[in-house]
Amino acid sequence: MAVPTLRPEAAATLARGAVIPAHPLALTADRRIDERRQRALTRYYLDAGAGGIAVGVHTTQFEIRDPEHALFEPVLALAAEELDARANADVVRIAGVAGGTAQAVAEAELARDLGYDAVLVSPRVAGADERALLERARAVGDVLPVVGFYLQTAIGGPVLDRDFWREFASIPAVVAVKAAPFDRYRTLELVRGVAASGRADEIALYTGNDDAIVADLLSEFHVESPSGARTLRFVGGLLGQWAVGTRAAVALLERAQRAMAGDAQAYRELGLVASDMVDVNQAVFDPGNDFDGVIAGVHEMLRQQGLLDGVWCLDPAEGLSPGQAEEIARVRHAYPELNDDAFIAENLEAWLR
């Protein structure tokens, strides 16, 4: 069976490095999909300059797959329709897939039929060991190119060692890996594993470490590969944090690319903004409460900006932590260059048409 490949335009974007927001889910007060605002979010990301969209991932809420909601296909279809309307072939379309092998393959097949380029495979699978996760990735890779995902343990991700990532990266269908363990040691193990696979030139590294975005984009990893010593780096980000402040994120990534090309001024500027970005993330992601308000926090930022009507999640138990809305308002006012308030205000009416 031939290995699925990316469209040339999508492959070029992924390799060059892009801002890929993890798409949230817009709901009404009765927890039904708010199609108008769901489309508005996609339009925002595209107009902000995102190089890709990731739909059906953790930020979109895993519960979209539950039979009582049955939102996985509608959510992917809405984003695909908006992407088709823009006819921008350079934008990478990524669908999240979850569950055991049969479910993940079926979701990948649906994503393929809807025109998605690749799938992000969630490692949060009940009862699955590393061998099962690898076999599932191989099966999914028969359908579409695969983006690996190292999910932090605080929200259900397993600890995956260097050998796992070496084997994972050896799968021919793997085109990228998102590192989101929120742990510097585990991030390094992932990078070392990719290098050890011998396929580092074929796999784009994307940060998902929302608490270390700038650090990841400015890091060089000196690692060993079958062909000798290598220097690897993250080329972009696939992030829940970049579901807010997306236009600012595009500017940040461009500055990081200039810095890594030798622009000393850009490097200094990023050093100044790095801790500000962590402060914004702390308000949105709610680490002080073990990330209980992470999805609602993304919603609250977008609600305060007018893109969402509320912070409702499919799970009624999910919501903001005490004081979180006030913290989000604080960082919006403290760091206007990171939040897109003015850009959203200028375009909101058009996106909500």
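Just so it is clear, the structure is predicted and the values come from calculations on it, not from any experiment. (Residues numbered from 1 in each chain as written. Predicted model: local features only at pLDDT ≥ 70, side-chain atom pairs only at ≥ 80, totals over all residues. Heavy atoms only, no water.)

## A short note on the packing of aromatic side chains
Describing an aromatic ring pair means giving the distance of the ring centres and the angle of the ring planes. Basically, it comes down to this: Each aromatic pair joins two rings of Phe, Tyr and Trp (for Trp, the six-membered one) with centres within 6.5 Å, and gets the label stacked for planes under 30 degrees apart, edge-to-face for over 60, and tilted for any other angle. Relative accessibility decides the category of a residue: with a 1.4 Å probe and only protein chains considered, values under 20% of the type maximum give buried, values over 50% give exposed, and everything between is partly exposed.
Counting across every chain of the model gives ten aromatic pairs. Relative to Trp351, the ring of Phe343 lies with its centre 5.4 Å away and its plane at 65°, an arrangement referred to as edge-to-face. Neither residue differs from the other here; Phe343 and Trp351 are each classed as buried. Among the aromatic residues, those joined into a ring-pair cluster are Tyr44, Tyr45, Phe343 and Trp351.

## Looking at unusual backbone geometry
Note the following rule: Each helix corresponds to a stretch of at least 4 residues labelled H or I by DSSP, and each strand to a stretch of at least 2 residues labelled E; elements are numbered beginning at the N terminus.
In this structure, Arg31 is a non-glycine residue whose phi angle is positive, near 60°. Take Arg31: it is sitting in the loop between strand E1 (19–21) and helix H2 (35–47). At Asp340, a residue that is not glycine, the phi angle is positive and equals roughly 70°. A relative accessible area of 8% places Asp340 in the buried class.

## Some details on the pattern of salt bridges
Worth spelling out the cut-off: Salt bridge criterion: a side-chain nitrogen from Lys or Arg within 4 Å of a carboxyl oxygen from Asp or Glu.
All chains considered together, the criterion is met by 27 salt bridges. A salt bridge links Glu9 to Arg7; its shortest N-O distance comes to 3.6 Å. Its relative accessible area of 28% is what places Arg7 among the partly exposed residues. Beyond isolated ion pairs, a larger network of salt bridges with shared partners links Glu35, Arg39, Arg43, Glu81 and Glu82.

## A few points about helix H7 (residues 184–196)
Along an α-helix, residues three or four positions apart point the same way, because every turn accommodates 3.6 residues. Threshold: An expected span of 1.5 Å times one less than the residue number is assigned to each helix. In the analysis that follows, any N or O atom pair within 3.5 Å is treated as a polar contact, provided that within protein one partner can donate a hydrogen and the other can accept it, and provided that, for residues neighboring in sequence, both atoms belong to side chains.
Between its first and last C-alpha atoms H7 spans 18 Å; for 13 residues at 1.5 Å apiece the expected length is 18 Å, and the two agree. Turning to H7, its buried residues number three or more, namely Thr187, Leu190, Val191, Gly193, Val194 and Ala195. In this structure Asp183 caps H7, since a side-chain oxygen of it lies 2.9 Å from the backbone nitrogen of Tyr185. Remark: Gly198 follows H7 within two positions and exhibits a positive phi of approximately 80°.

## Side note on the environment of Pro287
Rules: Residue contacts are counted whenever heavy atoms from the two residues lie within 4.5 Å of one another.
Checked against the element boundaries, Pro287 lands in the loop between helix H10 (264–285) and helix H11 (294–304). What makes Pro287 partly exposed here is its relative accessible area of 31%. Pro287 sits 270 residues away from Gly17 along the chain, and the two C-alpha atoms are 27 Å apart. With residues near it in sequence (within four places) discarded, Pro287 still touches Asn281 and Gln282.

## Some remarks on the environment of Ala180
Of note, Ala180 is situated in strand E6 (residues 174–180). As a C-alpha pair, Ala180 and Arg162 span 18 residues in sequence and 15 Å in three-dimensional space. In this view, Ala180 contacts Phe149, Tyr150, Leu151, Gln152, Gly208 and Asn209; residues no more than four positions away in its chain are not counted.

## Observations regarding the sheet that holds strand E7 (residues 204–207)
Under the convention used in this document: The criterion for strand pairing is that DSSP finds at least two bridges linking the strands in question. Between the N-to-C directions of two axes lies an angle of 0 to 180 degrees, each axis being a line fitted to C-alpha atoms and, for a helix, fitted only over the stretch in contact.
Within the open sheet, the eight strands sit side by side as E1-E10-E7-E6-E5-E4-E3-E2. Their pairing is parallel. The open sheet has two edge strands with one neighbour each: E1 and strand E2 (52–55). Taking the axes of each pair of neighbouring strands and ignoring which way they run, one obtains an average angle of 25° across the sheet. The pairing of strand E5 (residues 146–151) with E6 spans six bridges and is classified as parallel. By the bridge assignment, Phe149 is partnered in E6 with Lys178. Contacts from H7 reach E5, E6 and E7, with the element oriented near 165° to E6.

## Observations regarding the packing of H2 against helix H13 (residues 341–351)
We apply this condition: Throughout this description, any angle smaller than 35 degrees is read as roughly parallel, any larger than 145 degrees as roughly antiparallel, any in the 65 to 115 degree range as roughly perpendicular, and the remainder as oblique. Two helices that cross are described as forming a left-handed crossing if the nearer one is turned anticlockwise from the farther one by less than a right angle, and a right-handed crossing if clockwise. Under the grouping applied here, Gly and all other residues not named as nonpolar or charged are polar, the nonpolar ones being Ala, Val, Leu, Ile, Met, Phe, Trp, Tyr, Cys and Pro and the charged ones Asp, Glu, Lys and Arg.
Interhelical geometry of H2 versus H13 gives an angle of 130° and a closest axis separation of 10 Å. The angle between H2 and H13 falls in the class oblique. As H2 packs across H13, the resulting crossing turns out to be right-handed. Every residue of H13 that contacts H2 at Ala40, Arg43, Tyr44 and Asp47 is listed here: Phe343, Ile344, Ala350 and Trp351. Looking at the contact of H2 with H13, its residues break down into six nonpolar, no polar and two charged.

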